[in-house]
Amino acid sequence: MELKELTIDKVRSLLERGEASAVEICQAHLDSVERRNPEVKAFIHSDASRALDQAARVDQLKKTGQPLPALAGVPLAIKDNISIQGQRCTCASKILENYTALYDATVIEKLRTAGAVFVGKANMDEFAMGSSTENSAFFQTRNPHAIDYVPGGSSGGSAAAVAGGMAVGALGSDTGGSIRQPASFCGVVGLKPTYGRVSRYGLVAFGSSLDQIGPLTRTVKDAARVLGVIAGRDVHDATSVAVPVSDYVAAIESPVKGLKVGLPKQYFKSGIAPEVNGKIQAGLKLLERLGCELVEVELPHTEYAIACYYVVAMAEASSNLARFDGVRYGLRVHGEGTLTGMYRETRDAGFGNEVKRRIILGTFVLSSGYYDAYYLRAQKVRTLIKQDFEKALAQVDVIASPTSPTPPFRLGEKSSDPLAMYLSDIFTITANLAGIPGISVPCGNTAEGLPIGLQLLGKHFDESTLLRIGHAFETAGGFTI
Amino acid sequence: MKIGVKEVEYVGKLAQLGITEEEKNLFIGQLNSILEFVEQLNQLDTSNVEPTAHAVQSADLSLNMRPDEPVPTFSQEQSLTNGPETGSGHFKVPKVIADR
């Protein structure tokens, strides 16, 4: 069993043919975590006995001749901001280091019912704030392809677990690219669904109007399988939307001939690393050979997107993180014996620098006298960006770009300059502002062997077309172009 | 400079966030360069633009509603399990009323 090449379909065929049991597949991954994790540091914690219990239940089902559910025996890594009942959920923050989730997130409940096995909770930037996983309060995750490089972020542990052969797939969360960018950096597939497609119940909130949970997998078909399980309206999340869930696995087989792929003029203007651009151009030529039509489109407000995004995301973060006060859960530091002293000391000791920066700026842009100038204005610019996408996507089926303007960077290369780190999110944040779905698929490597990702953005609730083009691209050899 | 020591301290107070002297020195430069960057939003005329709070909403908002009926949720005991200090079925906090 070559773990790095295992897919959901292969797990299924191993089980169905009786070539391996779910317990054996789970154990092989737990062994792999033991071997690889000390170097890659993808996981914050792993509960082997619970994982083996889940796997044993799958074997029991098979023994009694019952049909195997969609993800039977599939080992998954779960980002550590998604609640699994009875397991710690730290968000890679000291403030939640000892917090144990009381309930399953809706996505976890659905994956459990589908027979998936949770091999461990994956490292991330603290509270999902970052693009390199260097902001974890515990340790830095490394890129399995090149150990001195970052795996991307904030779902860097999830991406590294899949790329490093420690899980067949993973869940991440994406507020401004946190699934797609680490997928790109680690050479795997990452899908951010439409806002409202997947329930956020049980996901620790960062930017509530931007956050979405999605899969990281080795193949596009696997992403389709996981999305099919986790998508849907949930009464526990009032922002989840009651649009019927498509049969994504069936949808990917449709031909892509005649589909229009938009290339935003503003994205390809400048600032893309030459090696990235070269591979993306080769990827686009491949799409053309598959029968897609490449069309130039305009996204005129692109240059304002990062500023808009950071104002909105920081404002929402500062509100969401107000709940961490040392009273009901998490860390408590006593301060000078007063209640407010306890709040301040707890939050000072519990939050890392990036989180503090965002709380300070978020509070500033929401404060009296600045609200209109910053927050309200950013919300209006958000409307303009959303309209850009509506206009462009009226002309084309999807929009293509690099996922990240650069290949993976070295550990420490950008960590002292927050603004430089924010600027690298240019191609991914707009999807969160507009609420549209996006996928990153591998698109070759640099000469040094560092992965490059092609991003496709689609219309609201049209994950099917993204997956369909992604699958055609993969089948035609695009991943290793 | 939009943000100086005074502003950081004021905002820190609003956010109930203790900030050390060392952090203040580190943050002030970084926060100002981020704010300066964000200023570019002022180049756009947004006088006739409606703000967007949520990008995706059902056309029929009633679909997002559930009946207002009580359902079982966590017990008091469960709810207290993560509390740093608890007692008599409550979360304990430092005294908030001064001694007479």
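## Topic: the overall build of chain A
Phase 1 of the analysis: Across its full length, chain A carries 16 helices and 11 strands.
Phase 2 of the analysis: Over its C-alpha trace chain A gives a radius of gyration of 21 Å, about what one expects of a compact globule, namely 23 Å for 481 residues.
Phase 3 of the analysis: In terms of principal-axis extent, the alpha carbons of chain A reach across some 65 × 55 × 45 Å.
Phase 4 of the analysis: Counting the 481 residues in chain A, one finds 62% classified as buried.
Phase 5 of the analysis: Here the contacts in chain A between residues at least 6 apart in sequence split such that 76% fall between residues at least 24 apart.

## Focus: the overall build of chain B
Phase 1 of the analysis: Secondary structure assignment for chain B yields three helices and two strands.
Phase 2 of the analysis: Along chain B, helices (α) and strands (β) appear in the sequence α-α-α-β-β when read from the amino end.
Phase 3 of the analysis: Here the C-alpha atoms of chain B give a radius of gyration of 23 Å, more than 25% beyond the 13 Å that 2.2 N^0.38 yields for 100 residues.
Phase 4 of the analysis: Taken along its principal axes, the extent of the C-alpha atoms in chain B is 55 × 50 × 30 Å.
Phase 5 of the analysis: Evaluated residue by residue, chain B yields a buried proportion of 16% over its 100 residues.

## What about the sheet that holds strand E8 (residues 293–297) of chain A?
Residue and element names in this part refer to chain A.
Phase 1 of the analysis: With respect to topology, 11 strands assemble into an open sheet ordered E1-E3-E2-E4-E6-E5-E10-E11-E9-E7-E8, the strand pairing being mixed. Unpaired on one side and paired on the other, strand E1 (43–45) and E8 mark the two borders of the sheet. Neighbouring strand axes in the sheet, compared pairwise and without regard to direction, differ in orientation by 35° on average.
Phase 2 of the analysis: Where helix H9 (residues 274–289) meets the sheet, it contacts strand E7 (260–264), E8, strand E9 (398–402), strand E10 (438–445) and strand E11 (451–457), and its direction lies at approximately 110° from that of E10.

## A short note on the interface of chain A and chain B
Phase 1 of the analysis: Tallying the contact residues gives 59 residues for chain A and 45 residues for chain B.
Phase 2 of the analysis: Among the secondary structure elements, those contributing two or more residues to the side of chain A that touches chain B are helix H10 (305–320), helix H11 (339–350), helix H12 (353–366), helix H13 (371–395), helix H14 (418–423) and helix H15 (429–434) of chain A.
Phase 3 of the analysis: With 11 residues, H13(A) is the largest single contributor of residues to the side of chain A that touches chain B.
Phase 4 of the analysis: Its residues assigned to classes, the side of chain A that touches chain B shows 30 nonpolar, 16 polar and 13 charged.

## Considering the confidence of the model for chain B
Residue and element names in this part refer to chain B.
Phase 1 of the analysis: Across chain B, pLDDT averages 88, with 92% of residues at or above 70.
Phase 2 of the analysis: Confidence, expressed as mean pLDDT per element, reaches its minimum in chain B at helix H2 (residues 21–38) with 89 and its maximum at strand E2 (residues 90–91) with 96.
Phase 3 of the analysis: Taken over the whole predicted complex, pTM reads 0.97, whereas the ipTM for its chain interfaces reads 0.93.

## Overview of helix H16 (residues 463–475) of chain A
Residue and element names in this part refer to chain A.
Phase 1 of the analysis: With 13 residues, H16 should reach 18 Å at 1.5 Å per residue; the first-to-last C-alpha distance of 18 Å fits that figure.
Phase 2 of the analysis: Within H16, 10 of the 13 residues are buried, which leaves it mostly tucked inside the rest of the structure.
Phase 3 of the analysis: Those residues of H16 that sit buried are Glu463, Thr465, Leu466, Leu467, Arg468, Ile469, Gly470, His471, Ala472 and Phe473.
Phase 4 of the analysis: Looking one or two residues past H16, Gly477 carries a phi angle of roughly 90°, positive in sign.

## A closer look at the pairing of E11(A)
A regular strand places its side chains so that they alternate between the two faces of the sheet.
All names here are of chain A.
Phase 1 of the analysis: Of all the seven residues making up E11, seven are buried; the element is thus mostly covered by neighbouring parts of the structure.
Phase 2 of the analysis: The side-chain alternation of E11 yields two buried faces, one formed by Pro451, Gly453, Gln455 and Leu457 and the other by Ile452, Leu454 and Leu456.
Phase 3 of the analysis: Examined bridge by bridge, E9 and E11 share four bridges and lie antiparallel to one another. By the bridge assignment for E11, Ser401 is matched with Gln455.

## What about the environment of A:Ala128?
Phase 1 of the analysis: Along the chain, A:Ala128 falls in the loop between strand E3 (117–122) and helix H5 (156–163).
Phase 2 of the analysis: Setting aside its immediate chain neighbours within four residues, A:Ala128 contacts A:Asn81, A:Ser154, A:Ser173, A:Thr175, A:Ser178 and A:Phe206.

## Structural notes on the nonpolar core
Residue and element names in this part refer to chain A.
Phase 1 of the analysis: Ranked by size, the top nonpolar core spans 166 residues in total, and within it Leu76, Ala77 and Val311 carry the most contacts.
Phase 2 of the analysis: When residues in this core are grouped by element, the largest group, 12 residues, is from H10.
Phase 3 of the analysis: Look past the residues within four positions of Leu76 in its chain and what remains in contact with it is Leu111, Ala116, Val117, Phe118, Val119, Ala167, Val168, Gly169, Ala170 and Leu171.

Calculation notes
- Residues numbered from 1 in each chain as written.
- Chains lettered and ligands numbered in written order.
- Predicted model: local features only at pLDDT ≥ 70, side-chain atom pairs only at ≥ 80, totals over all residues.
- Helix = DSSP H or I, 4+ residues; strand = E, 2+ residues; numbered from the N terminus.
- Rg over C-alpha atoms; globule rule 2.2 N^0.38 Å.
- Buried ≥ 20, exposed ≤ 12 C-beta atoms within 10 Å, placed from the backbone.
- Contact = placed C-beta atoms within 7 Å.
- Pairing = 2+ DSSP bridges.
- Axes fitted to C-alpha atoms, helices over the stretch in contact; angles between N-to-C directions.
- Nonpolar A, V, L, I, M, F, W, Y, C, P; charged D, E, K, R; others polar.
- pLDDT = per-residue confidence, 0-100.
- Expected span 1.5 Å × (residues − 1).
- Core = buried A, V, L, I, M, F, W, Y, C linked by C-beta atoms within 7 Å.

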